[in-house]
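Given next are the chains, with one letter for each unit.
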Amino acid sequence: MPNPARPVIRAVPHPDPLNPLGITIACPLCDAARDWLLLNIRAHVFVRCRCAHEWHEPDLTRDYFDQHFTDPENEWDDFNTAMRALAFDGLLAGVMWN
């Protein structure tokens, strides 16, 4: 049974650009424009870049997340392990997948 005091984090990789309001989202740290990890924590959606920079993205609402993205396929015991497993821990900063 999930612990109600611990927030549930849904993490969904998204390889394509994001432009929910018609403007492409870019990483403010490295200027990447695709290959994201989207994190839904309660009512908020965060974007995480391969460079490990993460920010709350107000243009991505919980409703938008629910409509466009699937449920997570895996669960991890802690956040850092999940970021390493999904390769969003900064190790692959600057790498773009074709």
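Up top is the structure.
All values reported here derive from a predicted model rather than from experimental measurement.

### Focus on the overall build of the protein chain
The number of helices and strands found in the protein chain is two helices and four strands. Along the protein chain, helices (α) and strands (β) appear in the sequence β-β-β-β-α-α when read from the amino end. For the protein chain, buried positions account for 30% of its 98 residues. A separation threshold of at least 6 residues defines the contact pool for the protein chain, and within that pool the share at least 24 residues apart is 55%.

### Some thoughts on the nonpolar core
In this structure, L18, W36 and L38 are the most contacted members of the largest nonpolar core, which totals 15 residues. Put simply, the parts of the chain that give this core at least two residues each are β2 (36-41) and β3 (44-48). Once residues within four sequence positions are removed from consideration, L38 is found in contact with R10, A11, V12, H14, L18, F46, V47, L60, F65 and F69. Counting six residues, the second-largest nonpolar core is a separate cluster that includes A11, L37, L39 and F88.

### Side note on the environment of L92
Within the element layout of this structure, L92 appears in the segment after α2 (79-85). L92 sits 41 residues away from C51 along the chain, and the two C-alpha atoms are 6.7 Å apart.

### Structural notes on the sheet that holds strand β1 (residues 9-14)
In space, the four strands of this open sheet follow the order β1-β2-β3-β4, with antiparallel pairing throughout. Lying at the two open borders of the sheet, with one neighbouring strand each, are β1 and β4 (54-56). Between one strand and the next, the sheet's axes are offset by a mean angle of 25°, whatever the strand orientation. Bridging between β1 and β2 involves six bridges; their strand directions are antiparallel. Each bridged residue has a counterpart across the sheet, and for P13 the counterpart in β2 is L37.

### Describing the pattern of salt bridges
Under the defined criterion, the tally for this structure stands at four salt bridges. R10 is the partner of D66 in a salt bridge, and the nearest nitrogen-oxygen pair spans 2.4 Å. Separated by 56 residues along the polypeptide, D66 in helix α1 (residues 62-68) and R10 in strand β1 bring together distant segments of the chain. In this structure D66 comes out as partly exposed when scored by relative accessible area, which is 37%. A relative accessible area of 14% places R10 in the buried class.

Criteria and thresholds
- Residues numbered from 1 in each chain as written.
- Predicted model: local features only at pLDDT ≥ 70, side-chain atom pairs only at ≥ 80, totals over all residues.
- Heavy atoms only, no water.
- Helix = DSSP H or I, 4+ residues; strand = E, 2+ residues; numbered from the N terminus.
- Buried < 20%, exposed > 50% of the residue type's maximum accessible area, 1.4 Å probe, protein only.
- Contact = heavy atoms within 4.5 Å.
- Core = buried A, V, L, I, M, F, W, Y, C linked by side-chain atoms within 4.5 Å.
- Pairing = 2+ DSSP bridges.
- Axes fitted to C-alpha atoms, helices over the stretch in contact; angles between N-to-C directions.
- Salt bridge = Lys/Arg side-chain N within 4 Å of Asp/Glu carboxyl O.

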